Amino acid sequence: RDAWGSSLRASIEQADRSVGLSQLAAEQQLENLSLSGIELYWQAYAIDNTVDELEASVSRFSRLLTYTKERSMVGVADVGELERVQADLEQQKQRLSAARSSFKQIVTRVAGLLKLEVPQEGVKIREDNKLGARPSGELTNHKDLRQYRIVATQAELSLLAEQSTL
């Protein structure tokens, strides 16, 4: 405690820097939450496209099975061809079931992240191609910069704490 109030100013400055550090940590948490939401969305988008492709595949295999049954009844099908097509159709149905289950799990995770209810009729990813072109030029990794600011602020706080004890 000196007459010029340097101890008081140092403690106020240290408190200001602590608040700044807390704000940086909150920004980091928000960014991580946003990035995980974006990652989940794109996982859901990819699985939704996979489900569409598998549904089309099951439809094609069903038509092939019908055609193969007709050929088998006429006697022109190869030995074991009908069984092979049936096995392939069943495999596609199982893959479709697994993809739908994965999609439901991802949608549930997204809904939990956003604190929303999952509709009973299901969810379909809507395709909007309004994102525009990718920005040109070199992209800066802001995450690295923020980590640097957090470390620098922590070091300054430590230095201020040392100076205030002297």
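The structure presented is a predicted model; accordingly, all values stated were derived computationally and were not measured. (Residues numbered from 1 in each chain as written. Predicted model: local features only at pLDDT ≥ 70, side-chain atom pairs only at ≥ 80, totals over all residues. Heavy atoms only, no water.)

**Q** What is the right way to look at the environment of Leu89 in this model?
**A** Following the sequence through the fold, Leu89 ends up in helix H2 (residues 81-114). Each C-alpha atom, one on Leu89 and one on Arg63, is 9.9 Å from the other, the two residues being 26 residues apart in sequence. Apart from the residues within four sequence positions on either side, Leu89 is in contact with Val58, Phe61, Ser62 and Leu65. (Helix = DSSP H or I, 4+ residues; strand = E, 2+ residues; numbered from the N terminus. Contact = heavy atoms within 4.5 Å.)

**Q** Can you walk me through the side chain of Glu81 in this structure?
**A** Counting through the fold element by element, Glu81 comes out in helix H2. Judged by its relative accessible area of 14%, Glu81 falls in the buried class. The contact partners of Glu81, leaving out residues within four places of it in the chain, are Thr68 and Arg71. (Buried < 20%, exposed > 50% of the residue type's maximum accessible area, 1.4 Å probe, protein only.)

**Q** Mind showing me how you'd approach a nonpolar patch on the surface here?
**A** Taken together, the side chains of Leu35, Ile38, Tyr41 and Trp42 present a nonpolar region at the surface, about 380 Å² in accessible area. Looking at the element boundaries, Ile38 is found in helix H1 (residues 6-74). Given the relative accessible area of 48%, Ile38 is considered partly exposed. (Patch = residues over 30% accessible without salt bridge, like charges linked within 9 Å, V, L, I, M, F, W, Y side chains within 5 Å. Areas by Shrake-Rupley, 256 points an atom, 1.4 Å probe, with all protein chains shown as cover. Salt bridge = Lys/Arg side-chain N within 4 Å of Asp/Glu carboxyl O.)

**Q** Can you walk me through the confidence of the model for the protein chain in this structure?
**A** Note: predicted coordinates in regions of low pLDDT should not be interpreted at a detailed level. Of the residues in the protein chain, 78% have a pLDDT of 70 or more, and the chain-wide mean is 81. Of all helices and strands in the protein chain, the one with the weakest mean pLDDT is helix H3 (residues 142-165) (68), whereas H2 scores best (92). (pLDDT = per-residue confidence, 0-100.)

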